[in-house]
Amino acid sequence: MSADLAAPTPTRRRRRKKQDAGGARAAARRPGLITGVALTVAVLACAGFVLVDLPGAWEYALRLRLRTVAALVLVAVAVAVSTVLFQTVTANRILTPGLMGFDALYLLVQTAVVFFAGAGALGGAAGGGIAGSLLWLVEVGVMVVLITALSRWLLLGARRDLQIVVLVGVVVGTLLRSVTTILQRMLDPASFAVLQDSFFASFGTVEEDLLTISAVVVLATLAVLLAFRHVFDVLALGREAATSLGVDHRRAVLWVMVAVAVLVSVSTALVGPITFFGLLVANLAYVAVGHAHRWSIPAASAFAVITLVVGQWLLDRVFDFGTGLSIIIELGGGVLFLALLLGRARL
Amino acid sequence: MITTDSLTKRYGPSTVVDEVTLELARPGVTALIGPNGAGKSTLLSLVGRLADADGGAALVDGMDVATTRSRDLAKRMAILRQEHHLEARLSVRDLVGFGRFPHSRGRPGPEDEAVVADVLTRLSLDDLADRYLDELSGGQRQRAFIAMALAQDTEYLLLDEPLNNLDLAHAVAIMRLLRTAADELGKRVVVVLHDINFASRWSDEIVALADGRVVAQGPPAEVIRPEVLEDLYGVPVSVHEVDGHRVAVYYG
């Protein structure tokens, strides 16, 4: 075991690889600093969004803006964290819960509630109150059960190709959306209007009760997840290495999927489906701070908050056309998705 | 001691490991050999609890690997498989550091860092320690993963074809390292090898598998014999003594 172990690498190949990695490498060396800066900017963005340029009737405006910022932050954190964890347990950087049709599942659950229980039930949810919150919790419960079953089959069964999982996810997502559409066609117009309203609640108009309960759920989930950050780092090594290191892979994956289901339910309930946003912020975080979860989880959350809050601010006050933020973010995320997919195909 | 009792694994209609009852009582290096599809890797995976058995049991120091807590087993046994695809971008030092997870639970102390530094030096990875895995050649990456398994500092070390991707010099270096680990550190190494001459030269015991069954078990002198190997691989084999070791010649 002497110096002869150090294998000679073809120099040309090494140099090319190094160039490719150059930028990311320099950045990933100081993940703590970058995460700290990102979190600070995120907090400043939120403060700026709320405080800058308050109109004369500031009490009302403040309340409205606080509500909007709270919704933005909750959605940002839920999407970012669920995407990072989902990508960790599936060992990929392209799949996201959104792409796998998890939010489509939530829409189906919601539609099914209206279909079978009537619009009154959902009206209760949208109108807030204890009944509404309870209904929402039941919906989250159904989501958790369905997603856990789905991932059991898809991720833990026979070992599957990433491409096949993507394909199945897209097909299942389409199927769920079709079933949702069929149920909606069969609804009476009044119920449909209530349902439609609940789907496309934008970042600006979110109920306070839903916000409170979402905040509690997201914070609790986040606290539990951060306690397990080291286990996630091990999970990212893949099933076999994680098992050798003493992590019960099957159980860990199922628990992560439960957390992902909860977070996806929160963000979908608040603002409806957003497919590519998670992909965008998660990959941004990997490039900026690397893959250790103690950095990537807060960094992805911070990037998500910055994107949403600044984006919403620009739309609200600079371009002055209310909603539509998700469209722009989806455009950016969609382009990144294609780039990643093509980049992988080339490998 | 590693024992298996009627251990069985099926994939669909084919039985890959067929009621294997085995006792690996000897300390040192044990090599698993056999033709492709003989069930060597599957047997190793079953013992390393990477796959669930369809029947029978595998025991490590009397603990059933199917029922013992994974984190308790991780302090006694490390297993390394062939494929090393990682989506996460890690440096060699980070990867080797993960070997300490069963002991440190993610909060490495000075002791863990000392072990990592020692393993890096043993595997001549010091110069590569801060390089990312995706910047390394196949052989270098292979060594980094072996280093992680060694850093786990377990009594049992299960390696599935660790010589894959390695040229002659590195293959010899790895086998010598495993020998050192067995002789000086008291490790029990079970290794799947394709090259029977590496098994003959470096191991204390050889287990030959064919069609999911054990067909021969014993020290190299007993297993590396023409009649055993011809039966095992179905090709003419002659065995010669070179420098005190048995060398099989099977190139036709």
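The rules behind the values
Residues numbered from 1 in each chain as written. Chains lettered and ligands numbered in written order. Predicted model: local features only at pLDDT ≥ 70, side-chain atom pairs only at ≥ 80, totals over all residues. Heavy atoms only, no water. UniProt positions renumbered as here; feature names shortened; annotations may be inferred. Helix = DSSP H or I, 4+ residues; strand = E, 2+ residues; numbered from the N terminus. Buried < 20%, exposed > 50% of the residue type's maximum accessible area, 1.4 Å probe, protein only. Contact = heavy atoms within 4.5 Å. Areas by Shrake-Rupley, 256 points an atom, 1.4 Å probe, with all protein chains shown as cover. Polar contact = N/O pair within 3.5 Å; in protein donor to acceptor, adjacent residues only side chain to side chain. Pairing = 2+ DSSP bridges. Axes fitted to C-alpha atoms, helices over the stretch in contact; angles between N-to-C directions.

Per an unreviewed UniProt entry, chain B goes by the name ATP-binding cassette domain-containing protein and belongs to Nocardioides bruguierae. In its Subcellular location (unreviewed entry) section, the UniProt record describing chain B reads: "Cell membrane".

Chain A is annotated in an unreviewed UniProt entry as Iron chelate uptake ABC transporter family permease subunit of Nocardioides bruguierae. Listed under Subcellular location (unreviewed entry) in UniProt, the entry text for chain A is "Cell membrane". Entered under Sequence similarities (unreviewed entry) in the UniProt record, the comment concerning chain A runs "Belongs to the binding-protein-dependent transport system permease family. FecCD subfamily."

Visitor: Hey, could you go over the overall build of chain B for me, with residue numbers and the actual values?
Guide: For chain B, the helix and strand inventory stands at 10 helices and 12 strands. Every one of the 252 residues in chain B was classed for burial, and the buried ones make up 56%. Within chain B, contacts between residues separated by at least 24 positions form 65% of all contacts whose residues are at least 6 apart in sequence. Accessible surface, chain B as shown: approximately 10500 Å² in total, 47% of it carbon and sulfur.

Visitor: So what's going on with unusual backbone geometry? Residues and values would help.
Guide: Glycine aside, a negative phi is what most residues show, and trans is what most peptide bonds show. All names here are of chain B. The backbone of Glu-19 sits at a positive phi, close to 45°, despite the residue not being glycine. Along the chain, the position of Glu-19 falls in strand β2 (residues 14-24). The exposure class of Glu-19 is exposed, given its relative accessible area of 53%. In this structure, Asp-243 takes a positive phi of about 50° despite not being glycine. Here Asp-243 shows up in the loop between β11 (238-242) and β12 (245-249). Given a relative accessible area of 74%, Asp-243 falls into the exposed group.

Visitor: Account for the side chain of Gln87(A), with residues named and values stated.
Guide: Residue and element names in this part refer to chain A. Along the polypeptide, Gln-87 turns up in helix α3 (residues 58-90). Owing to a relative accessible area of 2%, Gln-87 belongs among the buried residues under this scheme. There is a polar contact of 2.8 Å between the side chain of Gln-87 and the backbone oxygen of Leu-95. Of note is the side chain of Gln-87, whose polar atom sits 2.9 Å from the side chain of Tyr-286. When residues no more than four places from it in sequence are discounted, the contact partners of Gln-87 are Asn-92, Arg-93, Ile-94, Leu-95, Thr-96, Leu-279, Ala-282 and Tyr-286.

Visitor: Now, about the sheet that holds strand β9 (residues 205-210) of chain B: what can you tell me, with residues and values included?
Guide: All names here are of chain B. One open sheet accounts for six strands, arranged β6-β7-β8-β3-β9-β10; its pairing is mixed. Edge strands, defined here as strands with exactly one partner in the open sheet, are β6 (77-80) and β10 (213-218). Averaged over neighbouring strand pairs, the angle between their axes works out to 15° when direction is ignored. The pairing of strand β3 (residues 28-33) with strand β8 (residues 188-192) spans five bridges and is parallel. Paired with Ala-31 across the bridge in β8 is Val-191.

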